[in-house]
Amino acid sequence: MGRKSFWAKLGENALFCLYAIGAFILAALKEVATIILVVLLLNPVMWFILALIWPRFFGSLLKDYDTPKWLPSTIIFQIFKFINLKIVFYILPWISKKKIALELQEEWLIRSPKKEVKLFKEYPDEVDLDTLSPEAFDMLWDMRTYCDILCTKKLTTSQFEWLVHSRKYVAIERHIAKYTLSDEKAILLLKSQDFNVRDIFLKQVRTKGLSPKLVASLFSKKNSSLQPCVKKALIVFEQTQVVKATKDAQASQVWREFCKSTELCVEAEKELNLHQYKILASEGKKISDNAVFHHLSQVGYSPQHAKLADTIIQNQLVGAQLSDKLEALIAANPTLKKMLLGL
């Protein structure tokens, strides 16, 4: 029994050694093949020639690949990458250079702001704005042609002010959707007499609130026509934040007390989950038709949406007079029709 165990272990060790040797040979062959490919394709002379013919493809070959840094192929690759991008790249013609720059999106490749602007004007939808130097960004902004694209970057107060005065509504919304408004920029929206700009500002207040400093400033003024609108928007913000903070069952008591003392706005009603709606309903309250329509239209996205819709239908719609809007929605969705019929 002991002899058999010995030979079995010896066989296992021999197989393991053969496997290890085979794996080493395969890795070595792969490394040799990689070195040959790197030397053939990425040596400066060959890369220069091929970059003239297929610039984007041979530019992409210079992207880092995920291999251990100590491998010979990696070392050779990094040497060739340095030479090709730091030296050879700059003697290529513009037609090749711009395509390589687009492929790699390295901010240091196009060193001249004028060349950056030239590249952006040719490919405005492809250039990564993060690669633009501040000088190139300012030059493009001053052209006033690309503001709808550039607005997704951080803007100075004066640049944002130009958007407001020029009534660039889409650009304003895109900018504040990505960045929190500073007080200075919020004041620019507040002071605007343009109703569309004011609507954008109020939408911002409903979704992100308003700084205490601006609230104090606005409500310290007498006869401000914006005070009622801002107050209403802040209530929407407050209620939606409470709804988001009490979705967990552990906050049930807090949510119940809030329901007792508050009439929810439509925006807050649209944020309710099943647990919150059941507590609201247990307090004898119902949600508006607009909120009902919103929740019913979400059926099909997840089982939770379906459960909430079914609960709303059983609690508010069965035997009730439906609005034309809700009738049309239910008629168009067999699942909702079955819920209404109790099937």
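Everything discussed here concerns the structure shown above.
Looking now at the overall build of the protein chain. For the protein chain, the helix and strand inventory stands at 21 helices and 0 strands. Counting over 343 residues, the protein chain shows a buried share of 37%. Across the protein chain, every contact between residues at least 6 apart in sequence was considered, and the portion connecting residues at least 24 apart equals 52%. With the model as given, the accessible surface of the protein chain reaches about 20700 Å², and the carbon-plus-sulfur share is 61%. Across the protein chain, the 47 positively charged side chains and the 35 negatively charged ones have centroids separated by 2 Å.

Another point: unusual backbone geometry. Phi is positive for Q105, which is not a glycine, with a value near 50°. If you trace the backbone, Q105 turns up in the loop between α5 (94-104) and α6 (113-122). Here Q105 falls in the partly exposed class, since its relative accessible area comes to 23%.

Below, the discussion takes up α6. In an α-helix, one turn spans 3.6 residues; hence positions three or four apart end up facing the same way. Residues E116, V117, L119 and F120 constitute the buried set of α6. For α6, the buried positions fall inside an angular range of 160° around the axis, keeping them on one side. Where α6 is buried, its residues contact α5, α7 (134-143) and α8 (147-150).

The next thing to look at is the nonpolar core. The nonpolar side chains of a soluble globular protein tend to be buried, and buried together. In terms of nonpolar packing, the biggest core is built from 58 residues, with W47, L132, L150, F160, L163 and F201 touching the most fellow members. Once residues within four sequence positions are removed from consideration, F160 is found in contact with L155, I172, H175, I176, L181, K185, L188 and L189. Counting 29 residues, the second-largest nonpolar core is a separate cluster that includes L272, V292, L322 and L326.

The next thing to look at is the environment of S60. Looking at the element boundaries, S60 is found in helix α3 (residues 55-60). Between the C-alpha atom of S60 and that of G342, which follows or precedes it by 282 residues, the distance is 59 Å. When neighbours within four sequence positions are excluded, S60 is seen to be in contact with E103 and L104.

To continue, consider the pattern of salt bridges. This structure, assessed with the given rule, holds 10 salt bridges. The salt bridge partner of E103 is R56, with a shortest N-O separation of 3.3 Å. With E103 in helix α5 and R56 in helix α3, this pair connects stretches of sequence that are 47 residues apart. Residue classification places E103 among the partly exposed residues on the basis of a relative accessible area of 22%. On the basis of relative accessibility, which here comes to 29%, the residue R56 falls in the partly exposed class. A single salt-bridge network, built from bridges that share partners, covers R56, K63, E103 and E126.

The next subject is the packing of helix α12 (residues 195-208) against helix α14 (residues 227-245). Running from N to C, α12 and α14 cross one another at 30°; their axes reach a closest spacing of 7 Å. What the angle tells us is that α12 and α14 run roughly parallel. Relative to α14, α12 is oriented so that their crossing is right-handed. Counting all contacts with α12, which are made through F201, L202, V205, R206, T207 and K208, the residues of α14 involved are C229, V230, A233, L234, V236, F237, T240 and Q241. Of the residues in the contact of α12 with α14, the class split is 9 nonpolar, 3 polar and 2 charged.

What follows is about the packing of aromatic side chains. Using the criterion set out here, one finds 7 aromatic pairs in the structure. Cluster of aromatic residues (ring-pair linked, three or more members): W54, F57 and F58. We note K325 situated over the ring of F293; from NZ or CZ to the ring centre the distance is 4.4 Å.

Among the secondary structure elements, T335 is positioned in helix α21 (residues 334-341). Since its relative accessible area comes to 39%, T335 is described here as partly exposed. When the C-alpha atoms of T335 and V170 are compared, they prove to be 37 Å apart, with 165 residues separating the residues in sequence.

Those residues of helix α20 (residues 324-332) that fall on the buried side of the exposure criterion are L326, L329 and I330. Mapping the buried residues of α20 onto a view down its axis gives an arc of 95°, with all of them on the same face. What points out from α20, more than 90 degrees from its buried face, is the exposed set D324, A331 and A332. Buried residues belonging to α20 abut α18 (289-297), α19 (303-317) and α21.

Conventions we followed
- Residues numbered from 1 in each chain as written.
- Predicted model: local features only at pLDDT ≥ 70, side-chain atom pairs only at ≥ 80, totals over all residues.
- Heavy atoms only, no water.
- Helix = DSSP H or I, 4+ residues; strand = E, 2+ residues; numbered from the N terminus.
- Buried < 20%, exposed > 50% of the residue type's maximum accessible area, 1.4 Å probe, protein only.
- Contact = heavy atoms within 4.5 Å.
- Areas by Shrake-Rupley, 256 points an atom, 1.4 Å probe, with all protein chains shown as cover.
- Lys, Arg positive; Asp, Glu negative; His and termini not counted.
- Charge placed at Lys NZ, Arg CZ, Asp CG, Glu CD.
- Arc of directions from axis to C-beta.
- Core = buried A, V, L, I, M, F, W, Y, C linked by side-chain atoms within 4.5 Å.
- Salt bridge = Lys/Arg side-chain N within 4 Å of Asp/Glu carboxyl O.
- Axes fitted to C-alpha atoms, helices over the stretch in contact; angles between N-to-C directions.
- Parallel < 35°, antiparallel > 145°, perpendicular 65-115°, else oblique.
- Left-handed = near helix turned anticlockwise from the far one by under 90°.
- Nonpolar A, V, L, I, M, F, W, Y, C, P; charged D, E, K, R; others polar.
- Phe/Tyr/Trp six-rings, centres within 6.5 Å; stacked < 30°, edge-to-face > 60°.
- Lys NZ or Arg CZ within 6 Å of the ring centre and 35° of its normal.

Honestly, that's just the spatial picture; any functional story needs more than this.
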